[in-house]
Amino acid sequence: MKPTKLLYLLTIFLFLLPVSCKKKKEDDLFREKTIVNGRVLDYYTGFPAEGVKIVLVEKEPVLYGHPYDYILTRKDSVYTDPVGFFTFSFRAKIGEKYTYYVFHPTEGDYFNGGEKNISKNTENSLNFSLKGRTRFIKHIKNINPVNNNDVFQIGGLFLYGINIDTIIYSNNYTDSFTLNLTWFVTKNSVTDTFNVSIFCPYKQTTTYEIFY
């Protein structure tokens, strides 16, 4: 790079640096310390929920837009400790709306806890009771194949042929439950019907194998 060009770029940087620092300092003047803390418990057992991800979202209203339209400007997260507690400490913009909600990944042990607003410039105490995921897994396998006309049906699911070996996951249950399953197997043009009742304990994974 030519010396003159380098000198030109350095001059621009030195000129913009005070402006950037001033803008940051002015922005800090319009922020005040805000604390958000709370505890997450299991809805059914009352036990602490460890490792739950808590997300704090900062939103700014869209000018001339719908009252509920916002632009996401900041997003922070923490996790609950072994006894279910969490704490946020940050500098909130004065007069802006902050939204606080609990977020759970799909593979997490709990369902989304919903969304709650917090007050600015104060200490916020937010507690949640969350429902855990009760999982059920079906393992379906054709262990006595006849030919490609073999048919397996359960609910709206149809499986055809001899090379059937599949696993179906369900994570949408929030309590213990008894599942009644009915399926149909067709081989050599003959259809047999099967029924079973399966108890699934709360917040556990129950696997049932259907070998036909």
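For the structure, see preceding data.
Quick caveat, the model's predicted, so the values are computed rather than measured.

A.B. asks: Give a detailed account of the overall build of the chain, specifying residues and quantitative values.
C.D. replies: If you tally the helices and strands in the chain, you get 1 helix and 14 strands. A separation of at least 24 residues holds for 64% of the contacts in the chain among residues at least 6 apart in sequence. Surface summary for the chain: the accessible area is close to 13,700 Å², and the carbon and sulfur share equals 55%.

A.B. asks: Report on the pattern of salt bridges, specifying residues and quantitative values.
C.D. replies: Enumeration over the complete set of coordinates arrives at 1 salt bridge. With a closest N to O distance of 3.8 Å, Asp109 and Arg135 form a salt bridge. One end of the pair, Asp109, is in the loop between strand 5 (98-102) and strand 6 (115-117); the other, Arg135, is in strand 8 (residues 134-141), and 26 residues separate them in sequence. Overall, Asp109 belongs to the partly exposed group, its relative accessible area being 43%.

A.B. asks: Could you give an account of the environment of Lys75, with specific residues and numbers?
C.D. replies: Inspection of the secondary structure puts Lys75 in strand 3 (residues 70-79). The class of Lys75 is exposed, set by a relative accessible area of 52%.

A.B. asks: An account of the sheet that holds strand 12 (residues 177-187) is needed here, citing residue identities and associated values.
C.D. replies: Strands belonging to one sheet form pairs held by backbone hydrogen bonds; the direction of such a pair is parallel or antiparallel. Read across the sheet, 4 strands follow the order 10-9-12-13 without closing on themselves; strand pairing throughout is antiparallel. The sheet terminates laterally at strand 10 (157-160) and strand 13 (190-200), the two strands that pair on one side only. Geometrically, the sheet is characterised by an average inter-axis angle of 20 degrees between neighbouring strands, direction not taken into account. With 4 bridges connecting them, strand 9 (residues 151-154) and strand 10 associate as antiparallel partners. Paired with Phe152 across the strands is Leu159, a residue of strand 10.

A.B. asks: Go over the sheet that holds strand 14 (residues 205-211) with me, naming the residues and quoting the values.
C.D. replies: With respect to topology, 3 strands assemble into an open sheet ordered 11-8-14, the strand pairing being mixed. Edge strands, defined here as strands with exactly one partner in the open sheet, are strand 11 (165-173) and strand 14. The sheet shows a mean angle of 15 degrees between the axes of neighbouring strands, taken without regard to direction. Here strand 8 pairs with strand 11 via 7 bridges, running antiparallel. Counted as the bridge partner of Thr134 is Tyr173 from strand 11.

Rules used throughout
Residues numbered from 1 in each chain as written. Predicted model: local features only at pLDDT ≥ 70, side-chain atom pairs only at ≥ 80, totals over all residues. Heavy atoms only, no water. Helix = DSSP H or I, 4+ residues; strand = E, 2+ residues; numbered from the N terminus. Contact = heavy atoms within 4.5 Å. Areas by Shrake-Rupley, 256 points an atom, 1.4 Å probe, with all protein chains shown as cover. Salt bridge = Lys/Arg side-chain N within 4 Å of Asp/Glu carboxyl O. Buried < 20%, exposed > 50% of the residue type's maximum accessible area, 1.4 Å probe, protein only. Pairing = 2+ DSSP bridges. Axes fitted to C-alpha atoms, helices over the stretch in contact; angles between N-to-C directions.

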